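Understanding the architecture of this molecule
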Amino acid sequence: MNERTLWYVADPMCSWCWGFSPVIEAIQREYGARLGIEVLLGGLRPGTKYPMPPAQREQILHHWRAVQQLTAQPFRFEGALPEGFVYDTEPASRGVVTVSLINREAIFSFFKIVQSAFYMEQQDVTNSIVLSQLAARVGIDAQQFGQTFESDIAKRMTLEHFRKARQWGVHGFPTLIGQSGADYRLLSTGYCSLEELLPKLDGWLLGQLDNSGPSS
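All of the points below concern the structure found in this document. Sequence positions are assigned chain by chain, starting from 1 and proceeding in written order. Where local features are concerned, this predicted model is filtered to residues with pLDDT of at least 70; where side-chain atom pairs are given and counted, the filter is 80 or more; whole-chain, interface and lining totals use all residues. In computing side-chain values, all of the structure's heavy atoms are included and hydrogens and water are not.

Counting from the N terminus, the helices are the DSSP runs of H or I reaching at least four residues and the strands are the DSSP runs of E reaching at least two. Looking at the element boundaries, Ser 21 is found in helix 1 (residues 15–31). To sort residues, take the accessible area from a 1.4 Å probe on protein chains only and compare it with the maximum for the residue type: under 20% means buried, over 50% means exposed, and anything in between is partly exposed. A relative accessible area of 4% places Ser 21 in the buried class. Residue contacts follow a heavy-atom distance rule, with two residues in contact if any of their heavy atoms lie within 4.5 Å. Ignoring sequence-local partners within four residues, the contact set of Ser 21 consists of Gln 73, Lys 112 and Gln 115.

Set out below in structure tokens:
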């Protein structure tokens, strides 16, 4: 049997990924001993340069409320997305890549901390200093994080994550892709409950799914 990997394609500043956080944690507990589970940073809004207009802010907050209603994940709405905020998701994604370069075992913990800081604490996770402080919560030296964050390899690897997600045809987050050797299967795209996912994961593991997936 080929070694299997479950790819979690996500963005730390994607509200539906925040809503999906308890689900991916349950999957890790249930399936972590049987397969590898990896994060691929999809790039929700990388490289955004300008502050969002009020209408876009209201649209995004509407999505956040929909996520909260469906998933019961906590959000802090008052004061969220303040005037002048530039919704650039590249820094937070690069922060996850940076952690992967320093301590791979801390990736999922850091990913969730960034999510929580953004949606519940209203911290500016587009700021490298804020990200270094969050990295310290998972035991990573803030100075080491900052140096690695600014390195060419971290920047290059982040872009490679985005490129891979596009190559796989992923346009919505979260997305789950199962890999068995050179074979890839799209298991879910968009938010999916644990109850909906379990049959798909079990079917894939048992070789019963025949839906085509992305190319390698």
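Turning to the sheet that holds strand 1 (residues 4–10), a few remarks are in order. Pairs of strands are assigned from DSSP output, requiring at least two bridges between the strands. Taken in spatial order, the four strands line up as 2-1-3-4 in an open sheet, and their pairing is mixed. Two strands lie at the open edges of the sheet, namely strand 2 (36–41) and strand 4 (183–189), each paired on one side alone. Across the sheet, the axes of successive neighbouring strands diverge by a mean angle of 25 degrees, strand direction being ignored. Both strand 3 (residues 175–180) and strand 4 contribute to a ladder of six bridges, which runs antiparallel. Its bridge partner being in strand 4, Gly 178 is matched across the sheet by Arg 185. Lines are fitted to the C-alpha atoms to define the axes, a helix being fitted only along its stretch in contact, and any angle between axes, read from their N-to-C directions, falls within 0 to 180 degrees. Taken strand by strand, helix 4 (residues 107–119) contacts strand 1 and strand 2, and its axis lies near 45 degrees from that of strand 2. Strands in contact with helix 8 (residues 194–205) are strand 1, strand 3 and strand 4; relative to strand 4, the strand with the most contacts, it is inclined by about 175 degrees.

Bringing unusual backbone geometry into the picture now. For the peptide bond that leads from Phe 173 to Pro 174, omega is 0 degrees, which places it in the cis range. Here Pro 174 lies in the loop between helix 7 (152–167) and strand 3. Positioned with a positive phi, Ala 72 is a non-glycine residue whose angle comes to about 65 degrees. Within the fold, Ala 72 resides in the loop between helix 2 (54–71) and helix 3 (90–102). On the basis of relative accessibility, which here comes to 65%, the residue Ala 72 falls in the exposed class. One non-glycine residue, Leu 81, lies in positive phi territory at about 50 degrees. Residue placement: Leu 81 occurs in the loop between helix 2 and helix 3. Residue Leu 81 is classed as buried on the basis of its relative accessible area, which comes to 5%.

Moving on to the environment of Arg 94. The residue Arg 94 is located in helix 3 in this model. A C-alpha to C-alpha distance of 6.6 Å links Arg 94 and Lys 155, two positions 61 residues apart in sequence. Not counting the four nearest positions on each side in its chain, Arg 94 is found in contact with Phe 149, Glu 150, Ala 154, Lys 155 and Thr 158.

Each cavity reported here is a set of points on a 1 Å grid over the protein atoms alone in which a 1.4 Å probe fits but cannot get out, each pocket an open set with protein on both sides within 12 Å along at least five of seven lines, and each lining residue one with an atom within 4 Å of a point. Grid points are joined across faces, edges and corners, and a volume is the space filled by probe spheres set on the points. Here the largest pocket defines a volume of roughly 190 Å³. Together, 13 residues line the largest pocket, and Ser 15, Trp 16, Leu 44, Arg 45 and His 63 are the ones closest to its centre. Contributing elements (two or more residues each) for the lining of the largest pocket: helix 1 and helix 2. If you tally residues by element for the lining of the largest pocket, the top one is helix 2, at three residues. Just so you know the grouping, Ala, Val, Leu, Ile, Met, Phe, Trp, Tyr, Cys and Pro go in nonpolar, Asp, Glu, Lys and Arg go in charged, and all remaining residues, Gly too, go in polar. In terms of residue class, the lining of the largest pocket is made up of eight nonpolar, four polar and one charged. Approximately 160 Å³ is the volume attributed to the second largest pocket. Contributing elements (two or more residues each) for the lining of the second largest pocket: strand 2, helix 3 and helix 7.

Time to look at the pairing of strand 1. Among the seven residues that make up strand 1, seven are buried, leaving the element largely enclosed by the rest of the structure. Because side chains alternate across strand 1, one face comprises the buried residues Arg 4, Leu 6, Tyr 8 and Ala 10, and the other comprises Thr 5, Trp 7 and Val 9, equally buried. Note on the crossover from strand 1 through helix 1 to strand 2: the handedness is right-handed. For a crossover, the right-handed case is the one in which the path from the first strand over the helix to the second runs clockwise, viewed with the strands pointing away from the viewer.

For this document, the term salt bridge refers to a Lys or Arg side-chain nitrogen within 4 Å of an Asp or Glu carboxyl oxygen. For the structure shown, the criterion picks out nine salt bridges. Here Glu 38 and Arg 104 are joined by a salt bridge, their closest N and O atoms 2.7 Å apart. Taken together, the positions of Glu 38 in strand 2 and Arg 104 in the loop between helix 3 and helix 4 put the pair 66 residues apart, joining distant regions of the chain. Taking relative accessible area as the criterion, Glu 38 reaches 25% and is therefore assigned partly exposed. Residues Arg 57 and Glu 58 are paired through a salt bridge, measuring 3.0 Å at the closest nitrogen-oxygen approach. Classification of Arg 57 by relative accessible area gives partly exposed; the value is 22%. Residue classification places Glu 58 among the partly exposed residues on the basis of a relative accessible area of 44%. One salt-bridge network, in which partners are shared between bridges, spans Glu 90, Arg 94 and Glu 150.

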